[in-house]
Amino acid sequence: MDDLQREIILDHARNPRYPGILDPADIDHEEDNPLCGDRLRLTLRLDTGGRICAVAWDAEGCAICQASASMLAERILGQSLAEARQITREEMLDMIGIPLALNRVKCGLLPLKALSVGSEGLA
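Because the structure is a prediction, the values reported are computed rather than measured. (Residues numbered from 1 in each chain as written. Predicted model: local features only at pLDDT ≥ 70, side-chain atom pairs only at ≥ 80, totals over all residues. Heavy atoms only, no water.)

The next thing to look at is the environment of Arg39. Relative to the elements of secondary structure, Arg39 occurs in strand 2 (residues 38-46). Looking at Arg39, the relative accessible area reads 16%, which means it is buried. Each C-alpha atom of the pair Arg39 and Gly49 lies 30 Å from the other, and the pair is 10 residues apart in sequence. The residues touching Arg39, leaving out its near neighbours within four places in the chain, are Glu30, Glu31, Asp32, Asp58, Ala59, Glu60 and Leu110. Of note is the side chain of Arg39, whose polar atom sits 2.9 Å from the side chain of Asp58. (Helix = DSSP H or I, 4+ residues; strand = E, 2+ residues; numbered from the N terminus. Buried < 20%, exposed > 50% of the residue type's maximum accessible area, 1.4 Å probe, protein only. Contact = heavy atoms within 4.5 Å. Polar contact = N/O pair within 3.5 Å; in protein donor to acceptor, adjacent residues only side chain to side chain.)

Shown next, in the form of structure tokens:
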């Protein structure tokens, strides 16, 4: 199972889903991980009902950071912002699907942090 999940992570890192920056965006937030140098900018557009109708992200970082951004983007597209904000740390790590070394957990959670902090007060 770990080999399959590693392949999925590599696929997301090599062929990211929804890369780029939305302009205009209803949410545009950047987070970084100073410990490893990862940087991620998440942009979202909401429809009139508060659903995420477009998502894009730009990152400079490791394969785990980029893959988790791609996986999160796939998951939240079409969800309400409130639903997307309910994704937990544990769910994000489950989405990644392989055990991460302690120093890589922040890499995997950086996109979720960008979503949470960037959308504060909106959901």
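Next, the rest of the story.
A few words on the packing of helix 2 (residues 63-76) against helix 4 (residues 89-96). Relative to each other, helix 2 and helix 4 sit at 110°, their axes nearing to 10 Å. Relative to helix 4, the element helix 2 is oriented roughly perpendicular. Here helix 2 and helix 4 pass one another in a crossing that is right-handed. Contact residues: Ser68, Met71, Leu72 and Arg75 in helix 2; Glu91, Met92, Met95 and Ile96 in helix 4. For the contact of helix 2 with helix 4, the per-class residue count stands at five nonpolar, one polar and two charged. (Axes fitted to C-alpha atoms, helices over the stretch in contact; angles between N-to-C directions. Parallel < 35°, antiparallel > 145°, perpendicular 65-115°, else oblique. Left-handed = near helix turned anticlockwise from the far one by under 90°. Nonpolar A, V, L, I, M, F, W, Y, C, P; charged D, E, K, R; others polar.)

This part is about helix 4. Listed as buried for helix 4 are Met92, Met95 and Ile96. Viewed end-on, helix 4 has its buried residues packed into an arc of 100°, placing them on one side of the element. Turning to helix 4, the residues buried within the fold contact helix 1 (2-14), helix 2 and helix 5 (102-118). Gly97 occupies a position one or two residues after helix 4 and carries a positive phi of about 85°. (Arc of directions from axis to C-beta.)

Here we come to the packing of helix 2 against helix 5. Between helix 2 and helix 5, whose axes approach to 8 Å, the crossing angle comes to 35°. The element helix 2 and its partner helix 5 pack so that their crossing is right-handed. Two secondary-structure elements touch here, helix 2 through Ile64, Cys65, Ser68, Ala69, Leu72 and Ile76 and helix 5 through Arg104, Cys107, Gly108, Leu110, Pro111, Leu112 and Leu115.

Moving on to the pairing of strand 1 (residues 27-33). If a strand is regular, its side chains alternate between the two faces of the sheet. Of the two faces of strand 1, the one lined by Ile27, His29, Glu31 and Asn33 is fully buried and the one lined by Asp28, Glu30 and Asp32 carries no buried residue. Joining the antiparallel neighbours strand 1 and strand 2 is a turn of four residues, in which Gly37 adopts a positive phi near 95°. (Pairing = 2+ DSSP bridges.)

The amide bond that connects Asp23 to the next residue, Pro24, takes the cis arrangement and shows omega of 10°. With a phi angle near 65°, Tyr18 is a residue other than glycine that sits in the positive phi range. Relative to the helices and strands, Tyr18 resides in the loop between helix 1 and strand 1. Tyr18 sits in the partly exposed class, given a relative accessible area of 35%.

Don't take any of this as a statement about function, it's just geometry.
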